[in-house]
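Commentary on secondary and tertiary structure
Chain residues, written in single-letter form:
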Amino acid sequence: MAGHYRQNPWSIIEDGFDPSLQEEAESIFSLGNGRIGQRANFEEKYSGNTLQGNYLAGIYYPDRTRVGWWKNGYPEYFAKVLNAPNWIGIDVTVNGQELDLNKCKIIEFRRELDMKEGILNRTFLAELEGGDTVKVSSKRFLSMKHNEVGVIKYSVTPINFDGEISFSPYIDAGIMNEDANYDEYFWEILDSKEEQNEAYILSKTLKTEFHVCTGMKVEMALNDFLIDTEKEVIRTDKKIRYSYKTEVKSGDTFTLFKY
């Protein structure tokens, strides 16, 4: 890992993608504002090694300790910081192909944690199977003034083709802690709703009964002009997903804003 990152007085910079360092990079480039802590997971699907993590200050769960003779003196329970519902997810398809940096040819990749502005920037150029090449830019921000608000600007530009790009933003309350001692879910879903381009899931922690409402609001733009796009709604007990599609020409930029 030494030498992979560059520093300047306000930023940590990663030029080039090394999948073996992804989980470490997710920690190094994480964002926080005192209320929310968010690992630098990719917004789009990534099938390689990754550790999804979104944490809310003060919310914990008394997880049962795995006890045995080798743990004499351990408490029966200990307070675990919970992985909270996932708000950052945006699945992307290009001409029907899923965008996944574990399966694409990565031509360029740059990630920067700008600590002066409080923004996580990521850009990459990737070639999908069949030769379609896209440029992707994402910006992620957690507000200090409104400390329950996060914002993502996610843009895709086709480089060498005309075709269809699809964004599928979602919120997911069906998450677990990787370090759960008994592979338990720590959250109960109380309610969910969606209307227009907004969706909400209300959940609470088991035992400690912390209530959390996770929401999303989305807007789309084509070449910097806001557009209205019909959507498909996919709902399960623990997840709400929208799907938006648009036709683009080479050089167009399709952008999704997710609040």
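Note that the structure is a prediction, hence the values are computed from the model and not measured.

Right, let's talk about the nonpolar core for a bit. Core analysis: the largest hydrophobic core is formed by 56 residues, its most contacted members being Leu99, Tyr154 and Phe167. The contact partners of Leu99, leaving out residues within four places of it in the chain, are Glu44, Lys45, Val92, Thr93, Cys104, Phe124, Leu128, Val134, Val136 and Tyr154.

Here the focus is the sheet that holds strand β4 (residues 36–38). Pairing in this open sheet of 3 strands is antiparallel, and the strands run β3-β4-β5 from one edge to the other. Here the strands that pair on one side only, and so sit at the sheet edges, are β3 (31–32) and β5 (54–56). By the bridge criterion, 2 bridges tie β3 to β4 in an arrangement that is antiparallel. Counted as the bridge partner of Gly32 is Gly37 from β4.

The next point concerns the sheet that holds strand β8 (residues 90–94). Strand order in this open sheet of 5 strands is β9-β8-β14-β20-β19, and the pairing throughout is antiparallel. At either end of the open sheet lies a strand with only one pairing partner, and these are β9 (97–98) and β19 (231–235).

What follows is about the environment of Phe161. Locating Phe161 in the fold gives a position in the loop between β13 (150–158) and β14 (163–172). Judged by its relative accessible area of 7%, Phe161 falls in the buried class. Once residues lying within four places of it in the same chain are set aside, the contact partners of Phe161 are Val94, Asn95, Asp132, Thr133, Val134, Lys249 and Ser250.

What follows covers the environment of Arg241. Along the chain, the position of Arg241 falls in strand β20 (residues 239–248). By relative accessible area, Arg241 is classed as buried at 16%. Sequence-distant contacts of Arg241, that is, excluding residues within four places in its chain, are made with Asp91, Ser168, Pro169, Tyr170, Glu232, Val233 and Ile234. Separated by 2.8 Å, the side chains of Arg241 and Asp91 make a polar contact.

Here the focus is the pattern of salt bridges. Two side chains of opposite charge can pair, provided their charged atoms sit close to one another. Counted by the stated rule, this structure contains 13 salt bridges. Between Glu26 and Arg39 there is a salt bridge, with its nearest N and O atoms 2.9 Å apart. Taken together, the residues Glu26 in helix α1 (residues 22–28) and Arg39 in the loop between β4 and β5 connect sequence positions 13 residues apart. One exposure class covers both Glu26 and Arg39, and it is buried. For Lys204, the salt bridge identified is with Glu209, shortest N-O distance 3.7 Å. Using a relative accessible area of 48% as the deciding quantity, one classes Glu209 as partly exposed.

All chains considered together, the criterion is met by 1 cavity of 30 Å³ or more. The computed volume of the largest cavity comes to approximately 50 Å³. Looking at the largest cavity, the residues that line it are Ala40, Asn41, Glu43, Arg111, Leu120, Arg122, Ser138, Lys139 and Arg140. Going through the elements one at a time, β11 (119–127) and β12 (133–142) are the ones with two or more residues in the lining of the largest cavity. At 3 residues, the largest contribution of residues to the lining of the largest cavity is made by β12. Along the lines of polarity and charge, the residues of the lining of the largest cavity split into 2 nonpolar, 2 polar and 5 charged.

Here is what the cut-offs are and how they apply
- Residues numbered from 1 in each chain as written.
- Predicted model: local features only at pLDDT ≥ 70, side-chain atom pairs only at ≥ 80, totals over all residues.
- Heavy atoms only, no water.
- Core = buried A, V, L, I, M, F, W, Y, C linked by side-chain atoms within 4.5 Å.
- Buried < 20%, exposed > 50% of the residue type's maximum accessible area, 1.4 Å probe, protein only.
- Contact = heavy atoms within 4.5 Å.
- Pairing = 2+ DSSP bridges.
- Helix = DSSP H or I, 4+ residues; strand = E, 2+ residues; numbered from the N terminus.
- Polar contact = N/O pair within 3.5 Å; in protein donor to acceptor, adjacent residues only side chain to side chain.
- Salt bridge = Lys/Arg side-chain N within 4 Å of Asp/Glu carboxyl O.
- 1 Å grid on protein atoms, 1.4 Å probe; cavity = no way out; pocket = protein on both sides within 12 Å on 5 of 7 lines; lining within 4 Å.
- Points joined across faces, edges and corners; volume = space filled by probe spheres on them.
- Nonpolar A, V, L, I, M, F, W, Y, C, P; charged D, E, K, R; others polar.

All we've got here are geometric facts, nothing functional implied.
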